[in-house]
Amino acid sequence: MASENKDRISQATYKIMEKLLLIDTLDEALSGSLQTIIDVLDSEAGILWFLDKKTGRLFPVCHSGPEDVSGVSIQADSGIEGVVISTGETVRIENAAEDPRFEGTVFDSQTFKTKTMICVPLSGAEGPIGLIQIINKKDGSLYTEEDVTISSRMAAVAAMTIDEKGLIVDTGEEKKVLISLRDVRKDYPSGEGISHVLQGINLDIYENEFVVVLGESGCGKSTMMNIIGGMDNLTSGTLTIEGKDYSDPTDQELTVFRREYLGFIFQAYNLMPNLTALENVQFIAEIAKDPIKAEDALAKVGLADKAGNYPSQLSGGQQQRVSIARALVKNPRVILADEPTAALDFVSGQEVLKVIEDIVRNQGTTVVMVTHNAEIAKMANRVIKLRSGKIASIKWNLNPLTADEIVW
Ligand SMILES: Nc1ncnc2c1ncn2[C@@H]1O[C@H](COP(=O)(O)OP(=O)(O)O)[C@@H](O)[C@H]1O
Ligand SMILES: [Mg+2]
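Residues numbered from 1 in each chain as written. Chains lettered and ligands numbered in written order. Predicted model: local features only at pLDDT ≥ 70, side-chain atom pairs only at ≥ 80, totals over all residues.

Attention now moves to the overall build of the chain. Check the secondary structure of the chain and you find 9 helices and 17 strands. For the chain, contacts bridging at least 24 residues in sequence account for 67% of all contacts bridging at least 6. (Helix = DSSP H or I, 4+ residues; strand = E, 2+ residues; numbered from the N terminus. Contact = placed C-beta atoms within 7 Å.)

Here it is as structure tokens:
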């Protein structure tokens with residue numbers, strides 16, 4: 001082996017060690033390891049699979065790249081094809097033709113190309129932990145034996161750290177998909193041309209999960225939320241809600257969907273200034289299909305004693321909590337929150353987060369929340385990063401923090 005190759009290998013090993021030394025939570029160790037390997041191998045995407053020893057299935061716990069693989073799982077010892085280059089071991093994919101990783105932008109054909117993918121096992125002290133899979137070199141070239149050596153060395157270091165921190169993944173029972181986006185695109189006319197604001201979003205939102213959407217200003221977060229919430233139409237692609245197609249809904253369908261299914265929270269509280277806190281909530285309860293009592297909704301956000309106050313007699317945080325009560329009173333399946341804490345100071349922001357936490361953890365409501373605050377993302381079950389209208393990465397938090405533990 002040429003000495004420059006050796007250099008590249010030891011530099012890569014050093015890089016991941018250095019990274020892992022600075023990390024103190026398991027979630028950071030997982031995403032940090034994966035991202036470092038993807039960067040060193042200049043690749044398009046990567047998946048860290050965890051082996052559930054009880055069921056023998058591999059689940060993605062951490063993923064970077066444009067396709068959503070969250071719902072996929074692979075039986076580790078059945079199926080058809082795929083070879084771990086470093087060991088010659090077979091990784092079996094149940095149905096490559098229907099596996100979303102082998103469609104669209106990751107692979108342009110349905111062919112299984114092992115030279116554009118590396119799979120290396122993660123081995124802990126007591127046997128296999130999982131698998132790191134790296135997909136597609138950015139320059140389109142094929143992976144080399146050196147790349148395989150690098151990823152194996154890095155995986156060995158990562159496995160040691162992960163092992164030390166104790167990887168326990170609750171893969172649980174199958175999660176139910178509530179909302180599905182498939183190749184969703186949104187174009188806006190811009191000057192002379194067209195601006196492609198969403199460029200093929202593939203995403204599933206599950207029952208009772210807390211999803212946080214991160215991304216720089218202008219990357220398409222609000223546009224995506226508005227499409228999910230039926231407030232904006234999509235240019236192409238499909239939106240399905242519990243199996244029903246809402247890609248091109250009638251006004252009637254939209255009204256019913258927004259009224260019965262969804263609650264919204266925005267950065268602006270949008271309360272009626274001439275109605276009290278309670279009346280602001282009651283007003284929505286009256287048009288909902290299966291509302292809870294307005295008094296109960298206010299109590300849930302900790303404002304039972306402010307029912308008679310007008311918005312001008314409430315702080316910003318309290319007004320935001322009234323707007324959450326207004327979303328809750330509809331008893332919705334899903335709450336969409338677009339930067340609900342952006343206008344609030346830390347203490348009020350944290351109060352709002354506590355309410356949102358209670359909604360997800362104790363009431364079983366799904367919450368999708370946009371924020372540009374990466375600290376808040378630590379509370380989520382799943383963190384979706386958008387970049388320029390595409391999904392850049394999806395990460396599971398194995399140990400979401402509570403609102404009390406968040407500081408910014
Ligand atoms: N109604 C619209 N007409 C034209 N362009 C729009 C419209 N809404 C949003 N955009 C553009 O789409 C891009 C994404 O906007 P948005 O989804 O609001 O971003 P984010 O919420 O991530 O900050 C921006 O460049 C914005 O200017
Ligand atoms: Mg926005």
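Let's pick the thread back up.
This part is about the sheet that holds strand S8 (residues 177-190). One key point about sheets: their strands pair by backbone hydrogen bonds, in either a parallel or an antiparallel sense. Here 4 strands make up an open sheet; going across it, the order is S9-S8-S11-S12 and the pairing antiparallel. Every interior strand has two partners, whereas the edge strands, strand S9 (193-206) and strand S12 (244-245), have only one. Sheet analysis places S8 next to strand S11 (residues 236-241), joined by 5 bridges and oriented antiparallel. Looking at S11, one finds that Leu-181 is bridged to Leu-239. (Pairing = 2+ DSSP bridges.)

The interhelical angle for the contact between helix H2 (residues 26-40) and helix H3 (residues 145-165), taken along N-to-C directions, is 175°, at an axis separation of 10 Å. Here H2 is positioned roughly antiparallel relative to H3, judged by the angle of their axes. Here H2 contributes Leu-26, Ala-29, Leu-30, Ser-33, Thr-36, Ile-37 and Val-40 to the contact with H3, which in turn contributes Ile-150, Ser-151, Met-154, Ala-158, Thr-161, Ile-162 and Lys-165. Considering only residue class, the contact of H2 with H3 consists of 9 nonpolar, 4 polar and 1 charged. (Axes fitted to C-alpha atoms, helices over the stretch in contact; angles between N-to-C directions. Parallel < 35°, antiparallel > 145°, perpendicular 65-115°, else oblique. Nonpolar A, V, L, I, M, F, W, Y, C, P; charged D, E, K, R; others polar.)

Let us now look at the site of ligand 1. In the vicinity of ligand 1, the contacting residues are Tyr-188, Val-197, Gly-215, Ser-217, Gly-218, Cys-219, Gly-220, Lys-221, Ser-222 and Thr-223. For the shell around ligand 1, the leading source of residues is helix H4 (residues 221-228), giving 3 residues. Its residues assigned to classes, the shell around ligand 1 comprises 3 nonpolar, 6 polar and 1 charged. (Near = placed C-beta within 6 Å.)

Look at helix H8 (residues 316-328): 18 Å from first C-alpha to last across 13 residues, which is about the 18 Å you get at 1.5 Å a residue. For H8, the buried fraction is high: 11 of the 13 residues fall into the buried class. Buried within H8 we find Gln-318, Gln-319, Gln-320, Arg-321, Val-322, Ser-323, Ile-324, Ala-325, Arg-326, Ala-327 and Leu-328. Buried residues in H8 make contact with strand S13 (262-266), helix H6 (277-285), helix H7 (294-300), strand S14 (334-338) and helix H9 (346-363). (Expected span 1.5 Å × (residues − 1). Buried ≥ 20, exposed ≤ 12 C-beta atoms within 10 Å, placed from the backbone.)

All right, on to the nonpolar core then. Generally speaking, nonpolar side chains in soluble globular proteins are found buried as a group. Core analysis: the biggest nonpolar cluster contains 66 residues, and Val-281, Ala-325 and Val-368 have the highest contact counts within it. The element contributing the most residues to this core is H9, with 6 residues. In this view, Ala-325 contacts Val-281, Ala-297, Leu-298, Lys-300, Val-301 and Leu-303; residues no more than four positions away in its chain are not counted. (Core = buried A, V, L, I, M, F, W, Y, C linked by C-beta atoms within 7 Å.)

Moving on: unusual backbone geometry. You will see that Asn-136, though not glycine, has its phi angle at about 60°, which is positive. By the element assignment, Asn-136 lies in strand S7 (residues 127-137). At Asn-208, a position not held by glycine, the phi torsion is positive, near 55°.

Attention now moves to the pairing of strand S15 (residues 366-370). Here is the key point about a regular strand: its side chains alternate between the two faces of the sheet. Extensive coverage of S15 is indicated by the burial of 5 of its 5 residues. Residues Thr-366, Val-368 and Val-370 of S15 are buried on one face, and the alternating residues Val-367 and Met-369, pointing to the opposite face, are buried as well. Summarising the sheet, strand S10 (residues 210-214) and S15 pair through 4 bridges and their orientation is parallel. Paired with Val-211 across the strands is Val-368, a residue of S15. Direction of pairing for S14 relative to S15: parallel, over a ladder of 5 bridges.

Right, let's talk about the packing of H8 against H9 for a bit. Direction vectors running N to C along H8 and H9 enclose 20°, while the axes themselves pass 8 Å from each other. It follows that H8 is roughly parallel to H9 by the angle criterion. The two elements H8 and H9 meet at a crossing, and its hand is right-handed. Between H8 and H9, the contacting residues are Gly-316, Gly-317, Gln-320, Arg-321, Ile-324 and Leu-328 on the first element and Ser-348, Glu-351, Val-352, Val-355 and Ile-359 on the second. For the contact of H8 with H9, the class distribution of residues is 5 nonpolar, 4 polar and 2 charged. (Left-handed = near helix turned anticlockwise from the far one by under 90°.)

The subject of this paragraph is the confidence of the model for the chain. As a general rule, the predicted coordinates of low-pLDDT regions are not to be interpreted in detail. Chain-level statistics for the chain give a pLDDT mean of 84 and a share of 87% at 70 or above. Contacts of residues 78-86 to residues separated by more than four positions or lying in other chains number 34 contacts, the stretch itself having pLDDT below 50. Between residues 102-114, whose pLDDT stays under 50, and residues either more than four places distant or in other chains, the model counts 23 contacts. (pLDDT = per-residue confidence, 0-100.)

Further remarks concern the pairing of S14. Here S14 lies mainly inside the structure; 5 of its 5 residues are buried. Bridging between S13 and S14 involves 5 bridges; their strand directions are parallel. Residue pairing across strands places Leu-262 opposite Val-334, the latter belonging to S14. In this view, the connection linking S14 to its parallel neighbour S15 by way of H9 has right-handed handedness. (Right-handed = clockwise from strand over helix to strand, strands pointing away.)

Residue position: Glu-44 is located in strand S1 (residues 43-52). Glu-44 gets classed as partly exposed once you count the C-beta atoms within 10 Å, which come to 18. Along the backbone, Glu-44 and Ser-64 are 20 residues apart, and their C-alpha atoms lie at a distance of 8.2 Å. With sequence-adjacent residues up to four places away left out, Glu-44 is seen in contact with Gly-65, Ile-135, Asn-136 and Lys-138.

Here Lys-186 shows up in strand S8. Lys-186 sits 47 residues away from Asn-233 along the chain, and the two C-alpha atoms are 8.1 Å apart. Setting aside residues up to four positions removed in sequence, Lys-186 forms contacts with Val-197, Leu-198, Thr-223, Ile-227, Leu-234 and Thr-235.

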